[in-house]
Amino acid sequence: MRKLSLLSQIVKQSAIRQMLKEVADLRLKGIDVIQLSTGQPSLPIDEQVFEETVAEMRKNRLLASSYTPTKGLRSVLEAIQNDLKVFGNIDVSLDEIVITEGATEGLLLTDFAILDRDDEIIIMDPSYVSYAQDAIIAGAKPILVEQKMDEGYQPNINRILEHITPKTKAILVATPDNPTGRVINKETAKALLDIAEDHDLWFIVDEAYKHLIYEGEHYWFWRESRARERTICVNTFSKDPAMTGFRLGYVYGPKEVIAAIEKFKQYSTLSSNTPAQIAATIYLRPEVKKRILEYTLRIYRSRRDKIYESFKEYLPEANAHYPEGAMYMFANLNEYLRKANMNDQQLMLGLVREKHVAIVAGSSFGETGKNHMRFTFVGENEERIEKGMKLLREFIDEKTVNASK
Ligand SMILES: Cc1ncc(COP(=O)(O)O)c(C=O)c1O
C-alpha cells in the first residue's frame, strides 16, 4: 500500500485555518457569522495604495506580470531599507533583506537556514501556530517554554534558561505577540539578547505586528549592534496595511542567513508576487504609511477597548490579558468551561455552529492555552464585537443549564 510521508502525518492542521473554512462554509449558506477568529482585518487595502498599484501595473504590464529576482524587486528592497531607517532608526544593507511570501514563508525558510536535524529551538507556549510546526518540518525539535498571564505573558528568562541544552540552536519570540497581544518590555528584550549571546544562539523575532502597538513601544533589537550578528527579524505586509491576501513579507538579518533563505526560496516560491511588491513599495512611502497607520491604529485601539470592556461585562469571572498590541485578546475561561462541562475546543465548535460566532480555542496555541480562548478584535466593528460577547455568554449559560440537569 502506498504511504504518505511520515512528516505529513506528524505535522498538525492549523486550527485557525480550520476555523476560517468553517466560517466560509457557513457564509456560503448565507449565514451571518461574527468573525472574532482569524487575524483578518475588516478594513480593505488603502484606496491610494490600491489605485496607484493598479495604475503602475497598467503602465508596465510586462513588469507586473513577470518574475522578479528571488530576493525581490530592487525598488521594494530599497523602500524597506528606507522604512527601517525612518521607523526603526536602523541601518540595514540590501544584502541583509529578502522578500518572502508573507511572514509564513519567512518563518519556515529561516528555520531551514539555521536548523539542523535534532537541533532544539525554544519557543513560547502559548505561541503562534506556525512556530512548532515549522521547526518540525525543518527536522528540528520545538522546545516549549511557558509564558504566563500573571507575568504579563513576558517571556520568563529563568524558565528559558532551564530549557537550554547543548542542542539549543535558537530562540524565537514574537513582539507584539499572537495570541496574547503582549509587547516585550525593554528589560526582557535585553535579557533575551543576553541569553542568545551567552549561549551563542540564533535569535528570531517575529515582527508581524510591530506597528500595531497601543501601549508601550516596539523594541528594535537591531538597534543594538551586538544583536545584528545573530538576530533575524521576520516581517509581513499582511497586518498593518491589511494586505493579507497579497501574500508578501520580508526578513532582515545577518547576510549569510539572508543568502541561505534566498537559496531555499529559489526552490519554494522562486520569487514573490510581483503586483504585491509594487503595492508594498507604494505603502512604504513614509507619508503614505504614516497616514494609514494613524487611521488604522485609531480604529483598532477603539475595537481593542470595546472587546476588553464587553468581555469584563459579559464574562466577569474570566481573566483576560489586556492586549498592548497586535489584534488579539487571550482569555482564561476555565470557570465558565468547568460549569458548562466543556473544553475550549468544544466551545469553539459549538459557538460557531450554534451562535455563529467564531473564536479560536486556546489549546491550538499550545498546552498552556488549554481552557483559554483567543478573540480577534480587528475583524468586526464595536457593535458586532459586543454582540459576539453577548452570544458567547448566552451559549455558555445554555450549556451550563444543560450540564446541571
Ligand atoms: C505572529 C504571526 N506571524 C506570522 C503570521 C503570518 O502572516 P503572513 O504569512 O500573512 O505574513 C501571522 C498571521 O496571523 C502571525 O500572527
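Predicted model, so just to flag it, every value in this text is computed and none were measured.

### Quick notes on the overall build of the chain
In step 1: A count of helices and strands for the chain gives 15 helices and 13 strands.
In step 2: Against the globule reference of 22 Å for 405 residues, the chain gives a C-alpha radius of gyration of 21 Å, in line with a compact fold.
In step 3: The buried share among the 405 residues of the chain stands at 48%.
In step 4: Nonlocal contacts in the chain, meaning residues at least 24 apart in sequence, comprise 73% of its contacts between residues at least 6 apart.

### Comments concerning the domain arrangement of the chain
In step 1: According to the domain assignment, the chain contains domain 1 (6-45 + 289-399) and domain 2 (66-285).
In step 2: Taken over C-alpha atoms, the centre of domain 1 sits 25 Å from the centre of domain 2.
In step 3: Listed by partner, the interface residues are 39 residues for domain 1 and 34 residues for domain 2.
In step 4: Listing elements by their share of the side of domain 1 that touches domain 2, those giving two or more residues are α1 (6-10), α2 (15-28), α12 (286-314) and β10 (328-332).
In step 5: Element by element, the count of residues in the side of domain 1 that touches domain 2 is highest for α12, at seven residues.
In step 6: Looking at side-chain class alone, the side of domain 1 that touches domain 2 contains 19 nonpolar, 13 polar and seven charged residues.

### What about the sheet that holds strand β12 (residues 360-361)?
In step 1: Taken in spatial order, the four strands of this open sheet run β9-β10-β13-β12, and their pairing is antiparallel. Of all the strands in the sheet, just β9 (319-320) and β12 have a single pairing partner and so form its edges.
In step 2: Pairing of β10 with strand β13 (residues 372-376), which is carried by five bridges, proceeds in the antiparallel orientation. Across the sheet, the residue bridging to Ala 331 is Met 373, located in β13.
In step 3: Of the strands in this sheet, β9, β10 and β13 are in contact with α12, which crosses β10 at around 20°.

### Details of unusual backbone geometry
Excluding glycine, a negative phi dihedral is what most residues carry, and trans is how most peptide bonds are arranged.
In step 1: Look at the link from Thr 175 to Pro 176: it is a cis peptide, with omega at -10°.
In step 2: Mapped onto the fold, Pro 176 is located in the loop between β5 (168-174) and α9 (186-198).
In step 3: The linkage connecting Asn 178 with the following residue, Pro 179, adopts the cis geometry, with an omega of 20°.
In step 4: Positionally, Pro 179 belongs in the loop between β5 and α9.
In step 5: Notably, Asp 200 is not glycine yet its phi reads approximately 50°, a positive angle.
In step 6: Relative to the elements of secondary structure, Asp 200 occurs in the loop between α9 and β6 (202-206).
In step 7: Not every positive phi belongs to a glycine, and Leu 270 is a case in point at roughly 70°.
In step 8: Following the sequence through the fold, Leu 270 ends up in the loop between α10 (255-268) and α11 (274-283).

### Structural notes on the pairing of strand β8 (residues 249-252)
In step 1: On β8, burial covers both faces: Gly 249 and Val 251 on one face and Tyr 250 and Tyr 252 on the other are all buried.
In step 2: Bridge count for strand β2 (residues 97-100) against β8 is four bridges, and the pairing is antiparallel. Pairing of Ile 97 across the sheet is with Tyr 252, part of β8.
In step 3: By the bridge criterion, four bridges tie strand β7 (residues 231-236) to β8 in an arrangement that is antiparallel. Looking at the pairing, Thr 236 lines up with Gly 249 of β8.

### Observations concerning the site of the ligand
In step 1: The environment of the ligand is made up of 13 residues, and the closest members are Gly 102, Ala 103, Thr 104, Thr 236 and Ser 238.
In step 2: Looking at the shell around the ligand element by element, the count peaks at three residues for helix α6 (residues 102-114).
In step 3: Split by residue class, the shell around the ligand holds four nonpolar, eight polar and one charged.

What counts, and at which threshold
- All chains use their own residue numbering, which begins from 1 and follows the written sequence.
- Predicted model: local features are reported for residues with pLDDT of at least 70 only, side-chain atom pairs are reported and counted for 80 or more only, and whole-chain, interface and lining totals are derived from all residues.
- In this description a helix means any DSSP run of H or I spanning at least four residues, a strand means any run of E spanning at least two, and both kinds are numbered starting from the N terminus.
- Computation of the radius of gyration draws on C-alpha atoms, with the globule rule given as 2.2 Å multiplied by the number of residues to the power 0.38.
- With C-beta atoms placed from the backbone, the exposure class of a residue follows from how many other C-beta atoms lie within 10 Å of its own: 20 or more, buried; 12 or fewer, exposed; in between, partly exposed.
- Contacts here follow a simple rule: the backbone-placed C-beta atoms of the two residues must lie within 7 Å.
- For each domain, the first and last residues come from an automatic or database assignment.
- Each residue is assigned to one class: nonpolar for Ala, Val, Leu, Ile, Met, Phe, Trp, Tyr, Cys and Pro, charged for Asp, Glu, Lys and Arg, and polar for all the others, Gly among them.
- Note on pairing: DSSP must find at least two bridges between two strands before they are called paired.
- Between N-to-C directions, angles span 0 to 180 degrees; the directions come from axes that are lines fitted to C-alpha atoms, helices contributing only their stretch in contact.
- Proximity of a residue to a molecule or strand is defined by its backbone-placed C-beta atom lying within 6 Å of that partner.

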